[in-house]
Amino acid sequence: MTQAAPDMRNSLAASEPGAAPLVHLDIGGMTCAACSARIEKVLSRKPGVLRATVNLPLETAVIQTDGSVSAADIISAVEATGYTASERSTGWQEEKRRQDEADARVRRDERRTLLLLVFSALMSAPMVASMAAAPFGVMLMPPAWAQAVLAGLVQVLVGRRFYVGAFKALAGGGANMDVLVVLGTTAAYGYSLALTVLAWPQEPGHLYFEASSVILTLILFGKLLEMRAKRTTTAAIRALSELKPQVAHKIAGDDIETVPVESLFPGDAILVRPGERVPVDGTVRDGASEVDEALLTGESMPVAKAVGDEVIGGTINGSGALTVEVSAVAGDSKLASIIRLVENAQNSRAPVQKLVDKVSAIFVPVVVLVALATFAGWWFSGAGLDAAIGATVAVLVIACPCALGLATPTALVAGTGAAARAGILIRDIEALETAHSVNTVVFDKTGTLTRGTPAVTDVRSFDGNQNRLLLIAASAQLPSEHPLAGAIVAAARERGLDLSRPANFRAIAGQGIVAEIAGEQVLIGNRRLLETHSIDTFLVQQIFREFEAQGKTCAGIAVAGRAVGVIAMADTLRDETPVALQRLAAMDIETVMLTGDTEAVARAVAAEAGIGRVIAGVAPEGKAETVSELTSAGRTVAMVGDGVNDAPALAAASVGIAMGSGTEVAMETAGITLMRSRPDLVADAIDISRATVRKIRQNLFWAFIYNVVGIPLAALGMLTPALAGAAMALSSVSVVTNAALLRRWRTKEVRK
């Protein structure tokens, strides 16, 4: 996975059609879905802009251009609609500074909102207390002029933010939630103030001062809850951003200098002390330790690191000091690429959002028309001005496009963030939305279900001394670079055998090796090598046939002209493979193994893994055809692979899932990348997809039902303006809070 960072970054650019230039902006001043829809509409009409996507929860925008329009021009277009905009920097320090400033701004806004809420509640308290006491025959309502002053302070000081938002929206040619709030509360307060002035010095009839102030108080309370809930849904990006170290200990000759991370270049040597974060991506050149990669890959156990191993910037070093050679820094690091990948997914638009956008775009004008019709209906029915105004204000206040606008993006932000914490990187939202309906998972065998490297499975010594046979075979092959030789050497070292280098080592292509150990000739290889050197292979061939029937590769060993044993090797299953297949079966998902290996090898692996269906002997180009056939048969197919030869099949599948240990091409093609090479994460990826889509559907259902039921009830006079305000505030809060529950999602991995 150490080479994934550059291609993740490239894949991000490639994910946009035509690889057109992108402009990333931070947007300020949005209050509801109508705001984001308005900005998208304005930008999409601008010459040179191919596509614009505005994310309300993240307050960001991604604009795809043809290169003929500058970021400054786009910012001017946004500001002309009444909102603020600034270009997002891509530098490491600048990005950290921007994140810190954004967090500080959010905290300031929360504190300001809290203070305004306390003030508004205190001003509204006398009127609310009198309303609560009235059913008990206690009349505590302040005089009309006192109500006018109290409600007026709330209307001016608390309502200011809504008036400003409404003015900007109308000036930009659109309408948002602020327009509805302003119309409703101004009508209630203005009507009551007019009655008070006209009746002076007498007390007027029924007033709506308490309604206007309570509405603003409740909506402000809802905004505060919404701010805090939004902060939880975007916690994943903040957590990843906070992993970025700012300084590193650079080794310069005999000196160690503490320098900014930005000053490092590939090839520099740095010292990572125990307990410190690894500053940048690199390769261990000296030392040994354990590194905690949990926040980056989801791997809960520390990973042992020794000379030659790769380390990732942002991970936490354990008890040993490491000397690391820098391989990638700043924007090229894996951490930066992961953050971009997650942000790209969170800023992209789900197909289901298109319907919501259409509804949100016409929502406010339709509500205003419904409010006018409500007023006219009550007025001409002879119910009186009080009833007409009360019902109209209730309609204006209860209608809320926010719940609709927040339903999908908040769930997507929370879902992709939860997946990222588990080491599941979702490159685009369509992959997430499609994965929930997957009913067939096709696995490549080598490197996906298996480890991708051979390992010794059997040692058959003719004299019964397995360790001696393994010692001879491993010592003889120490100079060899062949993967099978590496497997035998690794097996010997695992048993703690003391190896010695051979003399007169010679590799024979296609056959094996010849070497001398303690003055005796040692042969290790296939039948042809032994027969060429006149070795009796009768017993060797029997053992070969036994192991080859199990899909294993065999090496015969002869010492001093006599066969002494056979070592069998195979690409062994990953420990998590059987669990992964069991979990998918429990989810009613069919599993298929697709491999270019022979039928015998494939069947042997399938029997051990417990996979449902095997398709063997398939050429690389045939894999995509097989996946397409499954898709054409009505199956929703997820293809899981890690090699270059898997890329066409990954692209042909409904959802492509790349293993983190795989090639750059595979990860560029896939919609989902697993940071850890664990096949059980496939079930987790589908599970988080299902959980996210479930939350989206829940949110949309309640948002639509809320408006479909609430607006008619308000128009029929069955809701007071104050109650309508409370319902409107709670609708957005409930949607965001429901989405935030996705943060509780965890992987279900089982360790052996």
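Everything below is about the structure shown above.
All values derive from a computational prediction rather than experimental measurement.

1. A few points about the pairing of strand β9 (residues 289-292)
Next up, step 1: Residues of β9 alternate between two faces, with Ser289 and Val291 buried on one and Glu290 and Asp292 left unburied on the opposite face.
Next up, step 2: Of the pairings in the sheet, the one linking β9 to strand β10 (residues 303-305) comprises three bridges and is antiparallel in character. Looking across to β10, one finds that Ser289 is bridged to Lys305.
Next up, step 3: Relative to strand β12 (residues 316-317), β9 runs antiparallel, the two being bridged by two bridges. Residue pairing across strands places Asp292 opposite Ile316, the latter belonging to β12.

2. With respect to the pattern of salt bridges
Next up, step 1: According to the stated counting rule, one finds 13 salt bridges in the structure shown.
Next up, step 2: Linking Arg527 and Glu548 is a salt bridge whose minimum nitrogen-to-oxygen distance equals 3.2 Å. Separated by 21 residues along the polypeptide, Arg527 in helix α19 (residues 527-532) and Glu548 in helix α20 (residues 538-548) bring together distant segments of the chain.
Next up, step 3: Overall, the relative accessible area of 24% leaves Arg527 in the partly exposed class.
Next up, step 4: Each of Glu576, Arg678 and Asp680 takes part in salt bridges that share partners, so that together they form one network.

3. Concerning the sheet that holds strand β17 (residues 503-508)
Next up, step 1: Read across the open sheet, the six strands follow the order β16-β21-β20-β19-β18-β17; overall the sheet is antiparallel. Here the strands that pair on one side only, and so sit at the sheet edges, are β16 (450-461) and β17. The sheet shows a mean angle of 20° between the axes of neighbouring strands, direction not considered.
Next up, step 2: Direction of pairing for strand β19 (residues 520-525) relative to strand β20 (residues 553-559): antiparallel, over a ladder of four bridges. Among the inter-strand pairings, Gly525 is bridged to a residue of β20, identified as Gly556.
Next up, step 3: Where helix α18 (residues 483-494) meets the sheet, its contacts fall on β16, β20 and β21 (562-573), and the angle it forms with β16 comes to roughly 65°.

4. Quick look at the packing of aromatic side chains
Next up, step 1: By the definition in use, this model includes two aromatic pairs.
Next up, step 2: Here the aromatic rings of Phe375 and Trp379 are separated by 6.2 Å at their centres, their planes lie at 10°, and the arrangement is stacked. Of the two residues, Phe375 and Trp379 both sit in helix α12 (residues 353-380), four residues apart, roughly one turn of that helix.
Next up, step 3: According to the relative accessible area criterion, Trp379 is partly exposed, its value standing at 44%.
Next up, step 4: Judged by centre distance (5.0 Å) and plane angle (80°), the rings of Phe701 and Trp702 are edge-to-face.
Next up, step 5: Owing to a relative accessible area of 55%, Trp702 belongs among the exposed residues under this scheme.

About the criteria used
Residues numbered from 1 in each chain as written. Predicted model: local features only at pLDDT ≥ 70, side-chain atom pairs only at ≥ 80, totals over all residues. Heavy atoms only, no water. Buried < 20%, exposed > 50% of the residue type's maximum accessible area, 1.4 Å probe, protein only. Helix = DSSP H or I, 4+ residues; strand = E, 2+ residues; numbered from the N terminus. Pairing = 2+ DSSP bridges. Salt bridge = Lys/Arg side-chain N within 4 Å of Asp/Glu carboxyl O. Axes fitted to C-alpha atoms, helices over the stretch in contact; angles between N-to-C directions. Contact = heavy atoms within 4.5 Å. Phe/Tyr/Trp six-rings, centres within 6.5 Å; stacked < 30°, edge-to-face > 60°.

All quantities given are derived from atomic positions and should not be read as evidence of function.
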